[in-house]
Amino acid sequence: MTDKYTQFVSHGIGKDLAKKLGLPQPAVLRRYKEGEPLVPGPVLVLGSGNGRTAGSDDLAAALAGWGLDVRRSALPKEKLGAIVLVLDAVEHPEELAGPVLTAAPSLRDLAPGARVVTISRTSASAATPAVAAGRQGVDGLLRSLAKELRAGATANGILLGDGAGTTSPSTLGALRFFLSGRSAFVDGQFLTVTSGAGQLSADPDKPLAGKVAVVTGAARGIGAAIARTLHRDGARLVVVDIPAAGDHLAAVANEVHGTALQLDITAGDAGRRIIDHAVERHGALDIVIHNAGITRDKLLANMDEGRWNSVIGVNIASQLRINEALLGADQLHKTPRIVSVASTSGIAGNRGQTNYAASKGGVIGMVRATAPLLAERGSSINAVAPGFIETDMTARIPFATREVARRLNSLQQGGLPGDVAEAIAFLASDEAGGITGEVLRVCGQNLVGA
Ligand code: NAI
């Protein structure tokens, strides 16, 4: 459900009134529904120019292979479902003009909920300052473009590391995610594909078929939404929460045909108990989603030890301990995937949340440092950083502050728990196997902070 304001300004008098008064008019976002087309119209694929178009030709062929209506040049006034700008061969900022200005007029012809996706190379591995400048230019370009789009359209980018190409499995996986309704609340963000690892699912509607997944903090909110989404995508579920949330947890477990494990994740043996439960009840453990988290907000000047320690204990210390047990376990699937829930507070900071931001910054540091350890076995770990999401946690924010907070992003609305769940489901799938150590923000391109 979108919030009441968004519903009001989407139709009739509400729409006219908002227009007259210059009030924000958030669009109803295009979200994933099984059976609906991947994009709401033809896909325009444009290449880097200067005769180096191999990357875009291969990519256009791959998209045509998915049954998409692919265009290599725009037809006048045709409503486009997406524009894919393949900029992987850019070696100088002056080379951006060709493809970017060719795409520019088509931005007026985007269908509601359309997508713009850039595919370019990471600047970190550039051999010369000019190459780095051209590549980093894509960053500024994409983030600005995302702020110009309207009607629920978004712009996101895929960055290729040295080990990845335009048609590597996870480049195509990330592209499929960004094009689809699964990425509705992801805007102005980049995902880096580091290697050619990963595998596209034969059935795009069931990318987690046969996998066993554990979700912590699954009795309500974002955790329950993650459990539902992973179940929809074909996974078998173990849902974990504290004993006090036992009834809600049992209801979620029933709904997703999974099993419930009542457990405080701060317990010293939490990792072992999670592994034992998954293996005894489901025969395997492939995916772990660290979602459980708490807030105990206070200005640092008024902070006490209890508030500080409980937030660090639940939000990051428990994840470190559980991961240690996972990495040492023989029963774990040989290519496990771990996804942690961070927060934009851990990136940009938030007044009154020093403890929470320290714990979520900690999650990001942990994910980056664990990625190389898991890469040896072909597995991955990533984080998702939600912005303003409509949950019990944000419903407790006073009305005026909440109303401002939920509008301060390019999409002018709060995200839904399911939006976070979609990003997690993608990163937990083999389609994202070549993506690791990344932090993907699900924040509608929050306008405040980093
Ligand atoms: P919520 O408070 O609705 O749900 C959290 C769940 O975690 C609850 O069911 C709770 O019982 C469980 N939990 C807490 N401590 C636990 C422990 N020691 N052991 C096991 N389970 C425990 O919170 P919400 O909004 O669903 O948040 C989920 C995650 O998303 C958290 O990590 C939160 O920090 C993060 N997040 C939420 C945002 C939002 O706007 N709601 C924004 C950014 C991040």
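Up top is the structure these notes are about.
Residues numbered from 1 in each chain as written. Predicted model: local features only at pLDDT ≥ 70, side-chain atom pairs only at ≥ 80, totals over all residues. Heavy atoms only, no water.

S.K.: Provide a residue-level description of the packing of helix α10 (residues 305-328) against helix α12 (residues 354-375), including the pertinent values.
M.R.: Where α10 contacts α12, the axes come no closer than 8 Å and their chain directions differ by 10°. In terms of orientation, α10 lies roughly parallel with respect to α12. The way α10 lies across α12 gives a crossing that is right-handed. On α12, the residues touching Arg-307, Trp-308, Val-311, Ile-312, Asn-315, Ile-316, Gln-319, Leu-320, Asn-323 and Leu-327 of α10 are Thr-354, Asn-355, Tyr-356, Ala-358, Ser-359, Lys-360, Gly-362, Val-363, Met-366, Thr-370 and Leu-374. Grouping the amino acids of the contact of α10 with α12 by side-chain chemistry returns 11 nonpolar, eight polar and two charged. (Axes fitted to C-alpha atoms, helices over the stretch in contact; angles between N-to-C directions. Helix = DSSP H or I, 4+ residues; strand = E, 2+ residues; numbered from the N terminus. Parallel < 35°, antiparallel > 145°, perpendicular 65-115°, else oblique. Left-handed = near helix turned anticlockwise from the far one by under 90°. Contact = heavy atoms within 4.5 Å. Nonpolar A, V, L, I, M, F, W, Y, C, P; charged D, E, K, R; others polar.)

S.K.: Residue-level account of the packing of aromatic side chains, with values.
M.R.: Counted under the stated rule, the structure contains two aromatic pairs. Between Phe-177 and Phe-178 the ring centres are 5.6 Å apart and the planes differ by 45°, which places this aromatic pair in the tilted class. For Phe-177, a relative accessible area of 2% translates into the label buried. According to the relative accessible area criterion, Phe-178 is buried, its value standing at 0%. Between the aromatic rings of Phe-177 and Phe-426, the centroid separation amounts to 4.9 Å while the plane-to-plane angle is 5°, which identifies the pairing as stacked. (Phe/Tyr/Trp six-rings, centres within 6.5 Å; stacked < 30°, edge-to-face > 60°. Buried < 20%, exposed > 50% of the residue type's maximum accessible area, 1.4 Å probe, protein only.)

S.K.: Describe the sheet that holds strand β5 (residues 154-160), with residues and values.
M.R.: The strand order across the open sheet built from six strands is β2-β1-β3-β4-β5-β6, with neighbouring strands paired in parallel fashion. Looking at the sheet topology across the chains shown, the edges are occupied by β2 (70-71) and β6 (190-193). Note that strand β1 (residues 43-46) and strand β3 (residues 80-86) share four bridges and pair parallel. Counted as the bridge partner of Val-43 is Ala-82 from β3. (Pairing = 2+ DSSP bridges.)

S.K.: So what about the nonpolar core? Which residues, and what values?
M.R.: Ranked by internal contacts, the top residues of the largest apolar core, which has 66 residues, are Val-84, Ile-158, Leu-175, Leu-230, Ile-289 and Leu-427. Per-element tally for this core: the top contributor is helix α15 (residues 417-427), with seven residues. Built from parts of two domains, this core gets at least three residues from each of domain 2 (31-193) and domain 3 (212-442). Discounting chain neighbours no more than four positions away, the residues touching Ile-158 are Val-117, Thr-118, Ile-119, Ser-120, Thr-171, Ala-174, Leu-175, Phe-178, Phe-190, Leu-191 and Val-193. In this structure, Leu-326, Ala-342, Val-363 and Ala-383 belong to the second largest nonpolar core, which totals 33 residues. (Core = buried A, V, L, I, M, F, W, Y, C linked by side-chain atoms within 4.5 Å. Domains from an automatic or database assignment.)

S.K.: So what's going on with the packing of helix α6 (residues 169-179) against α15? Residues and values would help.
M.R.: For the pair α6 and α15, interaxial distance at closest approach is 11 Å and the crossing angle is 165°. One finds that α6 runs roughly antiparallel with respect to α15. Pair α6 / α15 crosses with right-handed handedness. Only Glu-422, Ala-423 and Phe-426 of α15 make contact with α6, whose side of the interface consists of Gly-173, Ala-174 and Phe-177. Taken together, the residues that form the contact of α6 with α15 break down as four nonpolar, one polar and one charged.

S.K.: Residues and numbers for the sheet that holds strand β9 (residues 259-262), please.
M.R.: Sheet architecture is open: seven strands sit in the order β9-β8-β7-β10-β11-β12-β13, paired in parallel fashion. Each edge of the sheet is formed by a strand with only one pairing partner; in this case those strands are β9 and β13 (439-442). Pairs of neighbouring strands in the sheet enclose a mean axial angle of 20°, with direction left out of account. In the sheet, strand β12 (residues 380-386) pairs with β13 via four bridges, with the strands oriented parallel. Across the sheet, the residue bridging to Val-384 is Leu-440, located in β13. Along the sheet, helix α7 (residues 221-232) makes contact with β7 (212-216), β8 (236-241) and β10 (287-290), crossing β7 at roughly 170°. Set on the sheet, α15 makes contact with β10, β11 (337-341), β12 and β13; between it and β12 the angle comes to about 165°.

S.K.: With reference to specific residues and values, describe the site of the ligand.
M.R.: The ligand sits among 26 residues. The nearest are Arg-220, Ile-222, Asp-241, Asn-291 and Tyr-356. Between the ligand and Ile-389 there is a distance of 3.1 Å, counted from an oxygen atom to a backbone nitrogen or oxygen. A distance of 2.9 Å separates a nitrogen atom of the ligand from a polar atom in the side chain of Thr-391. For the ligand, whose unbound accessible area comes to 830 Å², protein coverage reaches 94%. Looking at the shell around the ligand, the elements that each hand over two or more residues are α7, α12 and α13 (392-395). (Near = heavy atom within 4 Å. Polar contact = N/O pair within 3.5 Å; in protein donor to acceptor, adjacent residues only side chain to side chain. Areas by Shrake-Rupley, 256 points an atom, 1.4 Å probe, with all protein chains shown as cover.)

S.K.: Before we move on, can you summarise the pairing of β9 with the specific residues and values?
M.R.: What you see with β9 is a clean split: Thr-259 and Leu-261 sit on the buried side and Ala-260 and Gln-262 on the side with no burial. For β8 and β9, the ladder comprises four bridges, and the chain directions are parallel. Note on β9: the bridge partner recorded for Val-239 is Ala-260. Between the parallel elements β8 and β9, the chain passes through helix α8 (residues 246-255) in a crossover that is right-handed. (Right-handed = clockwise from strand over helix to strand, strands pointing away.)

S.K.: Account for the pattern of salt bridges, naming residues and giving values.
M.R.: All chains considered together, the criterion is met by 18 salt bridges. For Arg-31, the salt bridge is made with Asp-419, and the minimal N-O distance between the two is 2.8 Å. Placement of Arg-31 in the loop between α2 (12-21) and β1 and of Asp-419 in helix α15 is noted, with a sequence separation of 388 residues between them. Asp-430 is the salt-bridge partner of Arg-337, the closest N and O atoms lying 3.1 Å from each other. Pair noted here: Arg-337 is in strand β11 and Asp-430 is in the loop between α15 and β13, with a separation of 93 residues, a long-range link. Three or more residues are tied together by salt bridges with common partners; here these are Arg-182, Arg-232, Asp-233 and Glu-422. (Salt bridge = Lys/Arg side-chain N within 4 Å of Asp/Glu carboxyl O.)

S.K.: Can you explain the side chain of Thr-154? Please cite residues and give values.
M.R.: Take Thr-154: it is sitting in strand β5. With near-sequence residues (within four places) excluded, Thr-154 lies in contact with Ala-114, Arg-115, Val-116, Leu-149, Ala-184, Val-186, Asp-187 and Leu-411.

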